[in-house]
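Here is what each chain is made of, one letter per residue.
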Amino acid sequence: MRFLYQKWAPRFDQSGSKPAFERLNEIFQQLLYISSGDVGQALKWLTDLDKEYKLTEQYENYGMADFIKELEERGYIKYDAEAVEVVITRKMERSLRTRALEEVFRNLRKDGAGQHKTAHQGKGLEREPETRAWQFGDDAHQFDSTGTLLNALRNSPIDQFSLTEDDLRVYETDHNTSMATVLMIDLSHSMILYGEDRITPAKKVAMALAELILSRYAKDSLEIIAFGNDVWKVSIDELPYLSVGPYHTNTLAGLELARHLLQRKKHANKQIFMITDGKPSAMYENGKLYKNSFGLDRKIVNKVLNEATQCRKEKITITTFMIAQDPYLQNFVREMTEANKGRAYFSGLNSLGGFVLEDYVRNRKKSV
């Protein structure tokens, strides 16, 4: 057996805490969110950041060319001959969703955002890893035998084993519901107005919610729709590529499509999550787009309120996540929420993910 020895080239930063590829990939993925999946643009921004902040200078024998090569070798990017450009792969799309989920859950706090009464339709118990002391009426199938025996041994005299009621431990359980969700994402022009990027956190939330359902709640249903002048369905794979257009806000068309999608579902609970920053400013009337960007047009508003009421009659809850601070827009959201008997959150861009994810988890289960 022959061994080939070469000079070791460390790819860790000077503190030894994080490999070069991992650190650069974190920044690169954040840039992919902002560039709507445009690899060329994201790499250009990353190169500019490297020049200004010397991101790779602290690594020995590792530069931007090495990073790009490693991205390709790991299967995160590839050259698309048909499009004549470098694009991200399915593996990178999945990685973006996973990172979004991790970011959102990292910001969640116990008893934080998303407090509300929980619907408990549905059935089925799911054992959790946490345990607690036994209480009268607890199901015997949920006994933690190991924890119970350890308690008994700990509390018994050395020469005599005994088991008392105080030694009993049981697993926590969840009462699972069946949930069908439609997530509406506002792609109107106002989502990037005034120098504030609102679409990137909205996309992150959508990717995080999709990954949560795919990885943990496989029996649940998630549909994603985007709305501007019109409304259209969006697949999970398309989420990284969403971008804002020169659109008005056709909230009515979005709610109508969401309700029709949920009508086909047989889940016990149905809900609409709507992420928006603006007032409804357009709707279709006699096949033509009626639009008004100045103030709240009561003609449009009343149609939206009627649709919210129809959703309530069909037991579809609308939860609106409003990411604008204008008082008159917030008043409209409150008016719509009252019509639907739903929920509304007025969140900043940093807390949006926490609101949506905690609301989803709370909505579909309760501890028993």
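Summary of the structure given here. (Residues numbered from 1 in each chain as written. Predicted model: local features only at pLDDT ≥ 70, side-chain atom pairs only at ≥ 80, totals over all residues. Heavy atoms only, no water.)

## Brief notes about the overall build of the chain
The cut-off we apply is this: The numbering of helices and of strands both runs from the N terminus, where a helix is a DSSP run of H or I of at least 4 residues and a strand a run of E of at least 2. Note on exposure labels: buried denotes an accessible area under 20% of the residue type's maximum, exposed denotes more than 50%, and partly exposed covers the range between, all computed with a 1.4 Å probe on protein chains only. Any two residues having at least one pair of non-hydrogen atoms within 4.5 Å are treated as being in contact.
From N to C terminus, the chain includes ten helices and 13 strands. For the chain, buried positions account for 48% of its 368 residues. When contacts within the chain are restricted to residue pairs at least 6 apart in sequence, long-range pairs at least 24 apart make up 72% of them.

## A few points about the sheet that holds strand E8 (residues 269-276)
Note the threshold: Note on pairing: two strands pair once DSSP finds at least 2 bridges between them. Only C-alpha atoms enter the line fits that serve as axes; for helices the fit covers just the stretch in contact. Angles between N-to-C directions range over 0 to 180 degrees.
Ordered by their spatial adjacency, six strands build an open sheet running E7-E6-E5-E8-E11-E12, and the pairing between neighbours is mixed. Unpaired on one side and paired on the other, strand E7 (231-234) and strand E12 (343-346) mark the two borders of the sheet. Between one strand axis and the next, the sheet turns by 20 degrees as a mean value, whatever way the strands run. Two strands pair when backbone bridges link them, and strand E5 (residues 179-186) and strand E6 (residues 221-227) are joined in this way by seven bridges, in the parallel orientation. Looking at E6, one finds that Ile 185 is bridged to Ala 226.

## Focus on the packing of helix H1 (residues 20-34) against helix H6 (residues 199-216)
Applicable threshold: The labels follow the angle: roughly parallel below 35 degrees, roughly antiparallel above 145, roughly perpendicular from 65 to 115, and oblique for the rest. Charged means Asp, Glu, Lys or Arg here, nonpolar means Ala, Val, Leu, Ile, Met, Phe, Trp, Tyr, Cys or Pro, and polar covers whatever is left, Gly included.
Where H1 contacts H6, the axes come no closer than 9 Å and their chain directions differ by 110 degrees. With respect to their mutual orientation, H1 and H6 come out roughly perpendicular. Here Gln 30, Tyr 33 and Ile 34 of H1 lie close against H6, whose contacting residues are Thr 200, Lys 203, Lys 204 and Met 207. A breakdown of the residues in the contact of H1 with H6 according to their chemical character gives three nonpolar, two polar and two charged.

## Focus on a nonpolar patch on the surface
Stated precisely, the cut-off is as follows: By definition, no residue in a patch forms a salt bridge, and every one has over 30% relative accessible area; like charges are joined within 9 Å, nonpolar side chains (Val, Leu, Ile, Met, Phe, Trp, Tyr) within 5 Å. Accessible surface area values rest on a Shrake-Rupley calculation with a 1.4 Å probe, where residue burial reflects the displayed protein chains alone. Any carboxyl oxygen of Asp or Glu within 4 Å of a side-chain nitrogen of Lys or Arg constitutes a salt bridge here.
A cluster of nonpolar side chains, Leu 149, Leu 150, Leu 153, Phe 161 and Leu 163, forms an exposed patch at the surface whose accessible area comes to about 510 Å². Structurally, Leu 153 can be placed in helix H5 (residues 145-155).

## Focus on the pairing of E5
Burial analysis of E5 places eight of its eight residues in the buried class, the great majority of the element. Burial along E5 is two-sided: the face carrying Met 179, Thr 181, Leu 183 and Ile 185 and the face carrying Ala 180, Val 182, Met 184 and Asp 186 are both buried. Pairing of E5 with E8 involves seven bridges; the strand directions are parallel. When the bridges of E8 are listed, Met 179 appears paired with Asn 269.

## Digging into the side chain of Glu 307
Looking at the element boundaries, Glu 307 is found in helix H8 (residues 298-313). Excluding residues that lie within four positions of it along the chain, Glu 307 makes contacts with Leu 252, Leu 255, Glu 256 and Arg 259.

## So, the packing of H1 against helix H2 (residues 39-53)
This is how it is decided: Note on convention: the crossing is left-handed when the near helix lies turned anticlockwise from the far helix by less than a right angle, right-handed when the turn is clockwise.
At a closest axis distance of 9 Å, the pairing of H1 and H2 adopts a crossing angle of 130 degrees. By the angle between their axes, H1 is oblique relative to H2. Read as a crossing pair, H1 and H2 show a hand that is right-handed. Judged by residue contacts, Leu 24, Ile 27, Phe 28, Leu 31, Leu 32 and Ile 34 of H1 engage Val 39, Ala 42, Leu 43, Trp 45, Leu 46 and Leu 49 from H2. Partitioned by chemical class, the residues of the contact of H1 with H2 number twelve nonpolar, no polar and no charged.

## Description of H6
Heads up, the condition is: Here the expected span of a helix is defined as 1.5 Å times the quantity of residues minus one.
The end-to-end C-alpha distance of H6, which contains 18 residues, comes to 26 Å, matching closely the 26 Å that a straight helix rising 1.5 Å per residue would cover. The buried fraction of H6 amounts to 15 of the 18 residues, a majority that puts the element mostly inside the structure.

## Concerning the nonpolar core
Filter applied, for reference: Residue types Ala, Val, Leu, Ile, Met, Phe, Trp, Tyr and Cys, when buried and joined through side-chain atoms within 4.5 Å, form a set referred to as a nonpolar core.
Core analysis: the biggest nonpolar cluster contains 59 residues, and Phe 28, Phe 67, Leu 71, Ile 185, Leu 209 and Leu 239 have the highest contact counts within it. The biggest single contributor to this core is H6, with ten residues. Leave out the neighbours within four places in its chain, and Phe 67 touches Phe 21, Leu 24, Asn 25, Phe 28, Leu 46 and Tyr 62. If you look at the next biggest cluster of nonpolar residues, it comprises 30 residues, including Val 231, Leu 255, Val 301 and Val 304.

## Section: the pattern of salt bridges
Using the criterion set out here, one finds 19 salt bridges in the structure. Linking Lys 44 and Asp 48 is a salt bridge whose minimum nitrogen-to-oxygen distance equals 3.4 Å. Placement of the pair is Lys 44 and Asp 48 together in helix H2, with a separation of four residues, close to one helical turn. Using a relative accessible area of 34% as the deciding quantity, one classes Asp 48 as partly exposed. The closest approach of N and O atoms between Lys 341 and Glu 338, which form a salt bridge, is 2.5 Å. Residue Glu 338 is classed as partly exposed on the basis of its relative accessible area of 49%. Residues joined in a network through salt bridges with shared partners are Arg 90, Glu 93, Arg 94, Arg 97, Glu 211 and Asp 237.

## Quick word on the packing of aromatic side chains
Short version of the rule: Centre distance within 6.5 Å is the pairing criterion for rings of Phe, Tyr and Trp, where only the six-membered ring of Trp is used; planes under 30 degrees apart are then read as stacked, over 60 as edge-to-face, and the remainder as tilted.
Taken as a whole and assessed by the stated rule, the structure comprises eight aromatic pairs. Centre to centre, the rings of Phe 28 and Phe 67 are 5.8 Å apart; their planes meet at 80 degrees, and the pair counts as edge-to-face. Here Phe 28, found in helix H1, pairs with Phe 67, found in helix H3 (residues 64-73); they are 39 residues apart in sequence, far enough to count as distant. Here Phe 28 falls in the buried class, since its relative accessible area comes to 0%. Their ring planes at 55 degrees and their centres at 5.9 Å tell us that Tyr 217 and Tyr 360 sit as a pair that is tilted. One end of the pair, Tyr 217, is in the loop between H6 and E6; the other, Tyr 360, is in helix H10 (residues 352-364), with 143 residues separating them in the sequence.

## Some remarks on unusual backbone geometry
Positive phi outside glycine occurs at Asn 286, with the angle close to 55 degrees. Positive phi is not limited to glycine here, since Lys 341 has a value of about 60 degrees. If you trace the backbone, Lys 341 turns up in the loop between helix H9 (327-340) and E12. A relative accessible area of 52% places Lys 341 in the exposed class.

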